[in-house]
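If you want the building blocks of each chain, they are given just below.
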Number of protein chains: 2
Amino acid sequence: MIPIQKNNLVLEAAKNQSTDTVPVWFMRQAGRSLPEYRAIRGSGSILDTIQNPDLSAEISLQPLRRYGVDAVILYSDIVVPAYAVGFGIEVVPGRGPVVSQPFRSENDLKRLRQLEPEADTEYVVKTVQLLTKEIDVPLIGFAGAPFTVASYLIEGGPSKSYVYTKSMMRSNPKLFHQLMEKLSHLAISSLSSQIEAGASIYQLFDSWAGVLSPREYGAMVAPYSKAIFEALRKYNVPSIHFGVGTSNLLEIMADSGCSTLGIDDRIGLDQAYARTNGKVGLQGNLDPVNILIGTDTTIAESARVLEESAVCDGYIFNLGHGVLPESNPDTLAAVVDFVHQYGTDIRRQARNRAQDK
Amino acid sequence: MIPIQKNNLVLEAAKNQSTDTVPVWFMRQAGRSLPEYRAIRGSGSILDTIQNPDLSAEISLQPLRRYGVDAVILYSDIVVPAYAVGFGIEVVPGRGPVVSQPFRSENDLKRLRQLEPEADTEYVVKTVQLLTKEIDVPLIGFAGAPFTVASYLIEGGPSKSYVYTKSMMRSNPKLFHQLMEKLSHLAISSLSSQIEAGASIYQLFDSWAGVLSPREYGAMVAPYSKAIFEALRKYNVPSIHFGVGTSNLLEIMADSGCSTLGIDDRIGLDQAYARTNGKVGLQGNLDPVNILIGTDTTIAESARVLEESAVCDGYIFNLGHGVLPESNPDTLAAVVDFVHQYGTDIRRQARNRAQDK
């Protein structure tokens, strides 16, 4: 039997290597924007769905079938490890993670025991195993970065001003550090188990880190994210470090030991490249809103992003943030086709220019 | 009769001149955090309160009496001009500006006639006149910048993803430019009337501009803000340009013709100074959350901000965003005293260091 030709474009680009074709996947490519997802998802808690490996694998595969994206991302949630060790967290539809008893004192540390992935999140391991048997593209594992997970645990839910989190960082830094330490271990355990089960790349989501100044982020958050990338280095898989509104933190986030940095839509790829000195691959940058505007605009904006990506070595096309639920799947499909075609042209031109010099 | 010694520290600092004492005021210093405000405000719409000059003047004065801040800001709202020309906008407590029929097509341009401040917003002019008769500190006038006001008119209320605004910018730029043009004129008319009535400085609030990339902000928003600063130059009063989460835009915002740039808490003053080359004064930077933490932390964080401000010529102490409603007025009072004392020390040390060189 001839082995299936593996599509490793995402892995190569995420190692900051130039690829002939620009690979593409979308954050939240699986989920509410897909009718086939809504058809099988049911109305229970997302945390219940995640505990069903067959269903989770099917949901993860839907965007691969529909779009021909170059990577599958595990269908899961960043709060799964905290949930699995019994911290007491739910995901409320339309609202996000909600904690009935927020983390506020040293006593709460007891609620975060170590994660034993084989026992606590066997369903995640099984989903990863089911998926990697099926696909010829990389499977992206993921975890929430300690700060972003901490913000949910401390605030008790999504927040606008992060009052309790910042208060703890500044008035009880010892407790905050203890929490970050525990959450780092949760992320390391969870990601290790995903990689050991077959994920060939992972993304660390520090979605809300941008609310901190570089000084505070550098002193109190970056060391933990760095420790995660460091602990997982032995697996020799590429890694993506992502946040929204992190224009203030790009240099520090790129310096975390990740191999690729996720870029939102609030800064140009050329600017992000200049500020990170090309030392990591870049991913992202198309405003998710562009998917809603109408195909002409969507394609024009995608073309601009691809053109600005020409300065990068490794580049993975993606949105600057997750797919908005009201997105039309046909538009996303058109973007994938366009990226594969025009991205190849752009890369060829960049190579020719480099040779001419 | 000996004339009252005018306290012009805010004006000097806002012109990017070094001052012996660091001046201080707080965005949203008047309002819900003050018990004396809650006592007189009543429960009607804020837009009704604003139409009562005696009440608005009294509310504006409350923080001056309580804190001894170095400036009074007019009690008003950024949607007042659009409201006054009959666009159809309300301010809903706990939610913000709400538009029943959002701005979506060319027809809606008709709903934005020119502002005639003496007739349409006579109450604003009267409040300014009442205030400037009473105070020996500068009165800060203000307006919403065209983009931030446009985002409310187009979205119909506060937004997370600015879908309709960005869609219009990209798929119907002509209409967006027409709207921005109209909103620029509203801002210019309103600010002119405030200055003519006695405001000696003004702040342009582009609170949400940071959701745009530098490319898009520079092309589609900055020209309008620039036009406002340009049109008001004849009055020869200093001006402050403010946004939240605008680390991505600092250079362009500083280049708008403003004399001072407002800095949120997501970037250090030293970094902001370096990026703007010292060509404008700086204002702000203390995280509003710090007011809630407990006086020791609040003062320590204020000290750090003051120390980082030593690189600036003109610097006005302020928060990075508005006072949170749950803030304790005693803490704000302690910050004002501390800034006046420690800011003077910091300035003296900076001068001595400069002389030693």
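Quick summary incoming for the structure in this document. Just so we're clear, the structure is a prediction, and the values are computed from it rather than from any experiment. The residue numbers shown here count from 1 along each chain, following its written sequence. Lettering for chains starts from A, numbering for ligands starts from 1, and both go in the order in which the items are written. The predicted nature of this model means local features are confined to residues of pLDDT at least 70 and side-chain atom pairs, given and counted, to a pLDDT of 80 or more, with totals for whole chains, interfaces and linings taken over all residues. Side-chain calculation: all heavy atoms of the structure are included, whereas hydrogens and water are not.

## Details of the overall build of chain A
Along its length, chain A carries 16 helices and 9 strands. In terms of principal-axis extent, the alpha carbons of chain A reach across some 65 × 45 × 40 Å. For chain A, the computed accessible surface area is about 13800 Å², with 48% contributed by carbon and sulfur atoms. Secondary structure elements are defined from DSSP: runs of H or I of at least 4 residues count as helices, runs of E of at least 2 residues count as strands, and each element is numbered from the N terminus. Note on areas: these come from Shrake-Rupley sampling with a 1.4 Å probe, and a residue is covered only by the protein chains present in the view.

## Description of the relation of the copies chain A and chain B
In superposing the copies, a least-squares fit is computed on C-alpha atoms, taking residues whose pLDDT is at least 70 in both. Aligned on chain B, chain A shows an RMSD of 0.0 Å; the corresponding rotation is 180° and the shift along the axis is 0.0 Å. Both chain copies can therefore be described as sitting about a two-fold axis. Within chain A, the C-alpha atom positioned nearest to the axis of rotation is that of A:Ser247, 3.2 Å from it.

## Brief notes about the interface of chain A and chain B
A contact between two residues is defined here by any heavy atoms of the two lying within 4.5 Å. Contacts between the two partners involve 28 residues from chain A and, on the opposite side, 28 residues from chain B. The buried area of a pairing is the accessible area, by a 1.4 Å probe, that goes missing from both parts when the two are put together, added over both. The three residues of chain A that bury the most area against chain B are A:Arg170, A:Arg215 and A:Arg266, which together make up 25% of that side's buried surface. Linking B:Asp287 and A:Lys166 is a salt bridge whose minimum nitrogen-to-oxygen distance equals 2.8 Å. For the purposes of these results, a polar contact is taken to be a pair of N or O atoms within 3.5 Å, where, inside protein, one atom must be able to donate a hydrogen and its partner to accept one; residues adjacent in sequence count only when each atom of the pair is a side-chain atom. Linking chain A to chain B there are 8 residue pairs in polar contact (both at pLDDT 80 or more). Elements represented by at least two residues in the side of chain A that touches chain B include exactly α9 (163-171), α11 (214-220) and α15 (295-308) of chain A. It is α9(A) that provides the largest number of residues to the side of chain A that touches chain B, a total of 5 residues. Throughout this entry, Asp, Glu, Lys and Arg are counted as charged residues, while Ala, Val, Leu, Ile, Met, Phe, Trp, Tyr, Cys and Pro are counted as nonpolar. The remaining residues, Gly among them, count as polar. Of the residues assigned to the side of chain A that touches chain B, the class counts are 9 nonpolar, 10 polar and 9 charged. Salt bridges are defined by distance alone: a side-chain nitrogen of Lys or Arg within 4 Å of a carboxyl oxygen of Asp or Glu.

## Let's talk about the side chain of A:Ser60
All names here are of chain A. Within the secondary structure layout, Ser60 lies in helix α4 (residues 53-67). Taking the relative accessible area as the measure of exposure, Ser60 reaches 1% and is therefore buried. A polar contact is formed between the side chain of Ser60 and the backbone nitrogen of Tyr75, at a distance of 3.1 Å. Three labels apply to residues, based on accessible area from a 1.4 Å probe with only protein chains included: buried if under 20% of the type maximum, exposed if over 50%, partly exposed otherwise in between.

## Quick word on the pattern of salt bridges
Inspection of the entire model under this criterion finds 36 salt bridges over all chains. Notably, a salt bridge pairs B:Arg215 with A:Glu301, separated by 3.9 Å at the nearest N-O pair. Taken together, the residues B:Arg215 in helix α11 (residues 214-220) and A:Glu301 in helix α15 connect one chain to another. We classify B:Arg215 as partly exposed; its relative accessible area is 36%. In this structure A:Glu301 comes out as buried when scored by relative accessible area, which is 12%. With its nearest N and O atoms 3.3 Å apart, the salt bridge here joins B:Arg304 to B:Glu308.

## Here we look at the nonpolar core
Remark: nonpolar core denotes a set of buried residues (Ala, Val, Leu, Ile, Met, Phe, Trp, Tyr, Cys) joined through side-chain atoms within 4.5 Å. Residues A:Phe26, A:Phe103, A:Leu153 and A:Phe317 are the most contacted members of the largest nonpolar core, which totals 123 residues. With 11 residues, helix α10 (residues 173-197) of chain A is the largest single contributor of residues to this core. Each residue touching A:Leu153, except ones within four places of it in the same chain, is listed here: A:Ala82, A:Phe87, A:Ile89, A:Val99, A:Pro102, A:Phe103, A:Leu112, A:Leu179 and A:Leu183. Of all hydrophobic cores here, the second largest spans 121 residues; its members include B:Trp25, B:Val99, B:Ile188 and B:Leu332.

## Digging into the sheet that holds strand β1 (residues 72-73) of chain B
The parallel open sheet is built from 7 strands, whose spatial order is β1-β4-β5-β6-β7-β8-β9 (chain B). Pairing within the sheet leaves two strands with one partner each, and these edge strands are β1 and β9 (315-316) of chain B. One bridge is not enough; two strands pair if DSSP finds at least two bridges between them.

## Things to note about the packing of aromatic side chains
Aromatic rings from Phe, Tyr and Trp, with only the six-membered ring used for Trp, were paired whenever their centres fell within 6.5 Å, and each pair was classed as stacked if the ring planes differed by under 30 degrees, edge-to-face if by over 60, and tilted otherwise. For the structure on display, the rule yields 14 aromatic pairs over all chains. Ring geometry for A:Tyr202 versus A:Phe229: centroids 6.0 Å apart, planes at 25°, classification stacked. Of this pair, A:Tyr202 sits in strand β5 (residues 201-205) while A:Phe229 sits in helix α12 (residues 222-231), and the two are 27 residues apart along the sequence. By the burial criterion, A:Tyr202 is buried, and A:Phe229 matches it. Taking the centre distance of 6.2 Å and the plane angle of 90° together, the rings of B:Phe26 and B:Tyr67 count as edge-to-face. Highlighted residues: B:Phe26 in the loop between α1 (9-14) and α2 (35-41) and B:Tyr67 in helix α4 (residues 53-67), separated in sequence by 41 residues. Assigned by exposure class, B:Phe26 and B:Tyr67 land together as buried. Each member of the aromatic cluster is reached from another via a ring pair, and the members are A:Phe142, A:Phe205 and A:Phe242.

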